[in-house]
Amino acid sequence: MSMPIRYYSTNRDTDLGGGGKAFRETVSFREALLMGQAPDEGLFMPERIPILSPAAIAALKGRPYVEAAWLVLSGFLAGEVDPDSLRRAVEDAYNFAVPLERVAGTRFVLRLDQGPTASFKDFAARMMARLMGLLRPADKCLNVLVATSGDTGSAVGEAFKGVPGIEVTILYPRDEVSARQRKQLDTIGQNVQAVSIAGKFDDCQNMVKQAFADPSLAELNLTSANSINFGRILPQTIYYFHAYAQLARGEAGEEIVFSVPSGNFGNALGCEYARRMGLPVRMLVMPTNENDEFPRFLATGSYEKVSPSRACLSNAMNVGHPSNLARFFDLYGGTVDRNGSVHRYPDREEMRRRIHSVSITDEETKRTIKRIYETHGVLLEPHGAVGWRGLEDYLEKSGYGGLCVSLETAHPAKFPAEIRELLGIDPELPPSMQGLDARTGEPVLLPADNDVFRTYLWERLKRS
Ligand SMILES: *Cc1c(COP(=O)(O)O)cnc(C)c1O
């Protein structure tokens, strides 16, 4: 049997200056999962990527989602997680449907909105929570810290709710989440506390990053569960295999195009890894909203973050410097740090051959929702519409006519006002969202201030 996979930091070769020291060691999956990020503030990357054979992928056809999950995770986690426990965790995490809906011809929407919080983040969060439960130190409480611009937090909170030995703190920007998202976050309860910040998502993300870097909080065993944790990335490779296997006709070398509406780039990174594991992805389409730093980089060759980030309809993608860009750069031979400074540029030509990215305005997003509903009877919400419009852009420019799948990352019922305004209908709530109005719970209110946040964390968690 091969050795367990080791994980390195994206900053390993980087002179950080200012006394920063690059982390040149490697760690196990368990360490990467519990540490969240590397001591040099880089992101963990697997040194080796297991390859799945075309036959193994084809054998997923007609099989339930848990089989794809098992195939992917058992390859990555061999020698790290006991196979029987992993099997149980997979079956427990993926107990909901993963529908593929035909829009027209060979073009499909993959609905990742049937989990407990009706967002694709359930897929990663539920698996990661179970992996942390399996791999946490037996005698210590683990404190999970998350910054969210909307759906991450509730998915993570719900995923960890009631997991013994784990406390969860969720920061969200007070004015950048919808009323429904706020309700979802504030009312999870038990071991999960929401903190409402008077600031932007970037402030929340920075407060979390500062807390991790703060030696005075070391005793608290802080760990991240947002999109920088590799435990969040790994489960996001699974649905690409599942979707391909269900749709492929079984011809040798048959390719697929995925369109992934992108904010922090964790979801798209899952697709990039799936391709490197052997999935025949012809093109990874990564549309963004008006936070257009990445498509601009692909077009011009120079990277400039959008600061402050722009508030768009697809609010879970309001990110001016995607945290997982560091991983994309690394995979293509470059280095960018968490502030958005590029230390080495990646092979942009290679990226352009494999990745198509385009910025979609709010106006185009709305028009797409309306047009796709009226023409095809398929209901999209703003994130899914950005994905679909990005796919159309690729198809127009490339003339490709084969298999393609655009990801619908949230349930349309999460955007009732927009859907009503555009289409004059009230989307039906999925079962997971019914009863939300009756739930109760209050957030803690804090300013965007690192010192205030440090004191709060210390007071709340030191007893645990
Ligand atoms: C988080 C989120 C995205 C963006 O995913 P990233 O992995 O951050 O790129 C898209 N749509 C929805 C609904 C989300 O919650």
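What you see is a predicted model, and the numbers here were worked out from it, not measured in a lab.

Participant: Break down the overall build of the protein for me, with residues and values.
Facilitator: Helix and strand content of the protein: 18 helices and 15 strands. In summary, the protein has a C-alpha radius of gyration of 21 Å against a globular reference of 23 Å for 464 residues, a match within 12%. Its C-alpha atoms give the protein principal-axis dimensions of about 60 × 55 × 45 Å. Counting all 464 residues of the protein, 59% fall into the buried class.

Participant: An account of the site of the ligand is requested, with residue identities and associated values reported.
Facilitator: Around the ligand, 15 residues are found, and the nearest of them are K121, G263, N264, F265 and T409. Residue N267 places a main-chain N or O atom 2.9 Å away from an oxygen atom belonging to the ligand. Within the side chain of T409, an N or O atom sits 2.7 Å from a nitrogen atom of the ligand. Contact with the protein chains hides 97% of the accessible area of the ligand, taken as 380 Å² for the molecule alone.

Participant: Before we move on, can you summarise the packing of aromatic side chains with the specific residues and values?
Facilitator: Under the counting rule described, the total for this entry stands at 21 aromatic pairs. Considering the side-chain rings of Y7 and F230, the 5.2 Å spacing of their centres and the 55 degrees angle between planes classify their relative orientation as tilted. In this pair, Y7 sits in strand β1 (residues 7-9) while F230 sits in helix α9 (residues 230-233), placing the two residues 223 residues apart along the sequence. By relative accessible area, F230 is classed as buried at 1%. A ring pair is formed by Y394 and Y400, whose centres lie 6.3 Å apart and whose planes are at 45 degrees; its orientation type is tilted. Accessibility classification places Y394 together with Y400 in one group, the buried group. Among the aromatic residues, those joined into a ring-pair cluster are Y65, Y94, F96, F123, Y239, Y240 and F258.

Participant: Give a description of the packing of helix α3 (residues 65-76) against helix α4 (residues 83-93) that names residues and reports values.
Facilitator: Relative orientation of the contacting elements α3 and α4 amounts to 140 degrees, with a least axis distance of 10 Å. Classified by the angle between their axes, α3 and α4 sit oblique to one another. Read as a crossing pair, α3 and α4 show a hand that is right-handed. Mapping the contact onto sequence places V66, E67, A69, W70, L73 and S74 in α3 and P83, L86, R87, V90 and E91 in α4. Tallied by class, the residues present in the contact of α3 with α4 amount to 7 nonpolar, 1 polar and 3 charged.

Participant: Go over unusual backbone geometry, please, and point to the residues and values.
Facilitator: Negative phi characterises most residues that are not glycine, and trans characterises most peptide bonds. Of note, the amide linkage connecting S307 to P308 takes the cis form, showing an omega dihedral of -5 degrees. Summarising the element assignment, P308 is placed in the loop between α12 (293-300) and α13 (325-331). Notably, E41 is not glycine yet its phi reads approximately 70 degrees, a positive angle. In this structure, Q190 takes a positive phi of about 55 degrees despite not being glycine. Mapped onto the fold, Q190 is located in the loop between α7 (179-186) and β7 (192-198).

Participant: Go over the nonpolar core with me, naming the residues and quoting the values.
Facilitator: In a soluble, globular protein the nonpolar side chains are often hidden away together inside. In terms of nonpolar packing, the biggest core is built from 125 residues, with Y94, F160, F258 and F328 touching the most fellow members. Ranked by size, the runner-up nonpolar core spans 19 residues in total, among them V195, F201, V208 and L457.

Participant: Hey, could you go over the pattern of salt bridges for me, with residue numbers and the actual values?
Facilitator: Tallied over the full model, the rule gives 31 salt bridges. For the salt bridge of R354 with E350, the shortest nitrogen-to-oxygen distance reads 3.0 Å. Residue R354 and its partner E350 are located together in helix α14 (residues 348-354), separated by 4 residues, close to a single helical turn. R354 gets classed as partly exposed once you look at its relative accessible area, which sits at 25%. Taken together, the salt bridges that share partners define one network made up of E272, R275, R276, E350, R353 and R354.

Participant: I'd like to hear about the pairing of strand β9 (residues 256-259), residue by residue, with values.
Facilitator: Here β9 shows two buried faces, one formed by I256 and F258 and the other by V257 and S259. What joins β9 to strand β10 (residues 281-285) is helix α11 (residues 266-276), and the crossover it makes is right-handed. Here β9 runs beside strand β14 (residues 404-408); their pairing, made up of 3 bridges, is parallel. Residue S259 lies in a different strand from β14, and its bridge partner there is S406.

Participant: Explain the sheet that holds strand β5 (residues 142-147) residue by residue, including any values.
Facilitator: Spatially, β8-β5-β6-β7-β15 is the arrangement adopted by the 5 strands of the open sheet, whose pairing is parallel. Each end of this open sheet is capped by a strand with a single partner; those strands are β8 (222-224) and β15 (444-447). Ignoring strand direction, the axes of neighbouring strands in this sheet form an average angle of 30 degrees. Against the sheet, helix α8 (residues 201-213) contacts β5, β6 (166-173), β7, β8 and β15, and its axis sits at roughly 150 degrees relative to β5.

Participant: How would you explain the pairing of strand β4 (residues 107-111) if you had to name every residue and give the values?
Facilitator: Buried residues dominate β4, accounting for 4 of its 5 residues. Two strands pair when backbone bridges link them, and strand β3 (residues 100-104) and β4 are joined in this way by 4 bridges, in the antiparallel orientation. Counted as the bridge partner of R102 is F108 from β4. Following β3, the chain reverses through 2 residues before pairing antiparallel with β4; G105 in that reversal takes a positive phi of roughly 55 degrees. Relative to β14, β4 runs parallel, the two being bridged by 5 bridges. In the sheet register, R107 faces β14, and the bridge partner there is C404.

Participant: Report on the sheet that holds β14, specifying residues and quantitative values.
Facilitator: Pairing in this open sheet of 6 strands is mixed, and the strands run β3-β4-β14-β9-β10-β13 from one edge to the other. What marks the edges here is a single partner per strand, and that holds for β3 and β13 (355-356). Lying on the sheet, α11 is in contact with β9, β10, β13 and β14; it crosses β10 at an angle near 165 degrees.

Scoring rules and cut-offs
Residues numbered from 1 in each chain as written. Predicted model: local features only at pLDDT ≥ 70, side-chain atom pairs only at ≥ 80, totals over all residues. Heavy atoms only, no water. Helix = DSSP H or I, 4+ residues; strand = E, 2+ residues; numbered from the N terminus. Rg over C-alpha atoms; globule rule 2.2 N^0.38 Å. Buried < 20%, exposed > 50% of the residue type's maximum accessible area, 1.4 Å probe, protein only. Near = heavy atom within 4 Å. Polar contact = N/O pair within 3.5 Å; in protein donor to acceptor, adjacent residues only side chain to side chain. Areas by Shrake-Rupley, 256 points an atom, 1.4 Å probe, with all protein chains shown as cover. Phe/Tyr/Trp six-rings, centres within 6.5 Å; stacked < 30°, edge-to-face > 60°. Axes fitted to C-alpha atoms, helices over the stretch in contact; angles between N-to-C directions. Parallel < 35°, antiparallel > 145°, perpendicular 65-115°, else oblique. Left-handed = near helix turned anticlockwise from the far one by under 90°. Contact = heavy atoms within 4.5 Å. Nonpolar A, V, L, I, M, F, W, Y, C, P; charged D, E, K, R; others polar. Core = buried A, V, L, I, M, F, W, Y, C linked by side-chain atoms within 4.5 Å. Salt bridge = Lys/Arg side-chain N within 4 Å of Asp/Glu carboxyl O. Right-handed = clockwise from strand over helix to strand, strands pointing away. Pairing = 2+ DSSP bridges.

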